[in-house]
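# Architecture at a glance
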Amino acid sequence: MPFLAVRRPRTMATTAFSVFLFCFIFFFTFPYVSSSSVEAESDVRESFPMDGDVAWVVQISDLHLSAYHPDRASDLVRLLAPALRIIRPALLLITGDITDAKNKRRTTTRQDLSEWIQYRNSMEAVVNHSGLDKRIIFDIRGNHDKYGVPHVGHPLDFFSVHSVSAQLGRLSTIQSISLVGNDRKYVFIGIDDTISIGIRGPSNLFGHPTDRRAAAVESELQYWDIYPNNLVTKVLFGHYPMSFTASTENGQRYENLFAKYLVSSYICGHLHAKISKQLWRFHSSKSSSDVKVPKMSRSFWEWELGDWKDSRLIRILAIDGGVVSFLDIDFLRKFEVEDGFQTTILITYPVDSRMMNVEHNNHSLRNDINALVFSSQKIINVTAKVFDSSRNYKTVEEVPLQFIDIASNKLLFCGRWNAENYRSASATRYVLQVSALDSQGKETTSNLRPFSVEGKQAPYRSTLLAYLIFEVEWESLYSVLLWSNICFLLVLLFLPKVLNCHIEKYSSYQSISLSIQQQKSLSVIYQVLMEGSRNRVSWFSMLIYLICLLKFPWFWGYATSENGDIASMYLSGWMVPSPDGQQKLGTPDIMLITLPFLYLVVTPMFVLIYSLFAERSAFYSHLLGKSKCRNEPMPHIESEQISQLVTMIPSNYQNLSPTCKICRGWIRRFLLLGCLVVALTHSMPNPHACLWISAGFVITCLVMGTTVTSCGSIYVFNECRHGALTTMATKALMSSCKL
């Protein structure tokens, strides 16, 4: 039976252009309803005296106290309290994620009162066992502490009741603490940048400073600028790294603010030690745009601390004459033996050249070596050794250190040397190590650390993973990844459609196909795109689906507590009801939802749909090529007619096997496997759904001869009357179909 060619109307190009114009206007003119959060920003200043000009504090982060892991809380009393009794810090800073706020299977996030009571009781025990003054403990929120909290002061806001800061009346988002010595002041400013409405995970990942909060931080930094910069050292602490902190409403970022006011360092948590135990980042900028005024280097360090949750890490940060240094202590290693807290040495000066922060153009030499020695035993001898790395680490000098007789402690040891002897063009040539001998005859040595008496900075090298996580600004990267994917999908839809309309208007589809098939790589892409876009129903379905993803809610649900208001999630973020109206939140936090779905589900789904239509066309063309009843060239056939034409296959194909041919060719196997992978990826958070999808997919393929794609959609294609399934692939891949 002859086959007739049916052409589409020549107005299809105009129709495609009209659809594209409509999408463009709809997308860029559709208004979003949003309102900014109005939250009062204030700071509370507290000051504590310190002896001399050397002070040290302890930082702990990401406790993640859980009702299902009581050891995290008990170890605070068992490990941290004895250490604090020996270290005797001026401040104890707890930088967020105090509780875990997850269920036992870690599938949902919600505040648990028992975890906060656990935290409160643990800190009371730590205070009692360590002898610390409770007033020197400062804790701030992390994203886990805000999961499911509709607003500050809500009954689910347990931080405002059970945290140490709340018990002492410190409920502001900014905390300012100063340690006042003989000549110097060391200022610690804590910032709570948690999202205003506590969306539950995974849409609560980034810090969200506001313009009001940034202005409050700037005001506090300006307050301390009334003192000479060389007498005030500013250290800021928060939960979120800069890479996971969003910009304010007007696009302002903390990095520029911190550098402008000569912040020495910013310490944080959030990322945990599983990524890396050494996440350091040096931020630098140049001030003064006047060519007549020499530019001044303005920089600060950012140091992330690993978690207490799995790693039991704490940090001792010391400031000696304005120079900041730190040491991280791993309690899992320190307490491998049952001798209590092991002797720990922190060299406060000269500072590690890898941590050097030159705040001024002139760097004065200091002829002292200072070290803090923390030990449960009496220390009887401390010695500093200088090595020359250019001469195979030969010992250059040994300097005895004596403890400084300060009434409050006997932890600081000091020695004198001639710094002029260690001038060098290299910041890593000279290396310092301090050893301490206790009354039990046990000697402890510090790690080798390079130094530069001239203030030169040694290069710091991070791993690729640490760079991607800690140094890439994820807010900007998210925008790039998101819109590049959307642009790709739009091109995938409209480019082949426009080409199809052009070919139908000015030339025959078959002649163009034959000319392109001479180039195999181009032919495969061409056939997949053209055949996939020729089916109007599927093409318009994909277009409407993409428009829905761009402009309409992806889903509705309880964004905060289960008893709260219903919120909707768009591609642009969450629309959450608030007393001031609909408030848009959660950008770029929703990247954990949107990017995996777009890259691992939507994009593969579009490609698979195109490929399946092309494979179906190839199968049809293959049957026509073997038909003995056809004596003329293959005519032009519409994609919509293929399902009807396949039922007209000549009788000489009755010798084909009556069994399903779906797994016969490698192309079909590959496409069906891709469909299964996409479907499982989409249902990955639900293992039961994955199991049912896998079982249903196998049964469908083997019994009914159908194909499943992602998003729970099932695309069923006509089965050949004699058992050969009519699926989709490209004409260029015809020869690979092993029928």
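The coordinates are above.
Quick look at the structure, then.

What counts, and at which threshold
- Residues numbered from 1 in each chain as written.
- Predicted model: local features only at pLDDT ≥ 70, side-chain atom pairs only at ≥ 80, totals over all residues.
- Heavy atoms only, no water.
- Buried < 20%, exposed > 50% of the residue type's maximum accessible area, 1.4 Å probe, protein only.
- Helix = DSSP H or I, 4+ residues; strand = E, 2+ residues; numbered from the N terminus.
- Arc of directions from axis to C-beta.
- Phe/Tyr/Trp six-rings, centres within 6.5 Å; stacked < 30°, edge-to-face > 60°.
- Lys NZ or Arg CZ within 6 Å of the ring centre and 35° of its normal.
- Expected span 1.5 Å × (residues − 1).
- Polar contact = N/O pair within 3.5 Å; in protein donor to acceptor, adjacent residues only side chain to side chain.
- Lys, Arg positive; Asp, Glu negative; His and termini not counted.
- Salt bridge = Lys/Arg side-chain N within 4 Å of Asp/Glu carboxyl O.
- Contact = heavy atoms within 4.5 Å.

What follows is about helix H9 (residues 464-471). Every buried residue of H9 is listed here: Ala466, Ile469 and Phe470. The buried residues of H9 occupy an angular sector of 80° when the element is viewed end-on, so they sit on one face.

So, on to the packing of aromatic side chains. One pass over the full model with this rule turns up 28 aromatic pairs. Here phenylalanine 403 and phenylalanine 413 contribute two aromatic rings whose centre-to-centre distance is 6.2 Å and whose plane-to-plane angle is 75°, an arrangement assigned as edge-to-face. Here the residue phenylalanine 403 occupies a position in strand E16 (residues 394-403), and phenylalanine 413 occupies one in strand E17 (residues 412-416), the gap between them amounting to 10 residues. With 5.6 Å between their ring centres and 75° between their planes, phenylalanine 555 and tryptophan 574 make a pair best called edge-to-face. In this pair, phenylalanine 555 sits in strand E21 (residues 555-558) while tryptophan 574 sits in strand E23 (residues 573-578), placing the two residues 19 residues apart along the sequence. Ring-pair connections join several aromatic residues into one group, and the members of that group are Trp280, Phe282, Trp301, Trp303, Phe326 and Tyr460. Residue placement shows arginine 170 over the ring face of phenylalanine 138; its charged tip is 3.7 Å from the ring centre. Positioned over the ring face of tryptophan 539 is lysine 497, at 4.8 Å from the centre of the ring.

Counted at 1.5 Å a residue, the expected span for helix H13 (residues 536-551) with its 16 residues is 22 Å, and the 22 Å between its end C-alpha atoms agrees. Taken together, the buried positions of H13 are occupied by Ser538, Trp539, Met542, Leu543, Leu546, Ile547, Leu549, Leu550 and Lys551. Capping the start of H13 is the job of one residue whose side-chain oxygen sits 3.2 Å from the backbone nitrogen of valine 537: asparagine 535.

The next subject is unusual backbone geometry. Cis geometry marks the peptide bond from glycine 201 to proline 202; its omega dihedral reads 5°. Secondary-structure assignment places proline 202 in the loop between strand E6 (185-191) and helix H6 (211-223). Here the amide bond leading from tyrosine 349 into proline 350 is cis, since omega sits at 0°, within 30 degrees of zero. Tracing the sequence through the fold places proline 350 in the loop between strand E13 (344-349) and strand E14 (368-374). Positive phi is not limited to glycine here, since arginine 106 has a value of about 60°. The topology assignment puts arginine 106 in the loop between strand E3 (92-95) and helix H3 (113-130). Given the relative accessible area of 37%, arginine 106 is considered partly exposed. Notably, arginine 312 is not glycine yet its phi reads approximately 55°, a positive angle. Checked against the element boundaries, arginine 312 lands in the loop between strand E10 (297-304) and strand E11 (313-320).

What follows deals with the side chain of arginine 281. Here arginine 281 shows up in strand E9 (residues 279-286). Buried charge without a partner: arginine 281 forms no salt bridge, and the closest opposite charge is glutamate 302, 4.4 Å away. A polar contact is formed between the side chain of arginine 281 and the backbone oxygen of glutamate 471, at a distance of 3.4 Å. Here arginine 281 is in contact with Met242, Ser243, Phe300, Trp301, Glu302, Phe470 and Glu471, once residues within four sequence places are set aside.

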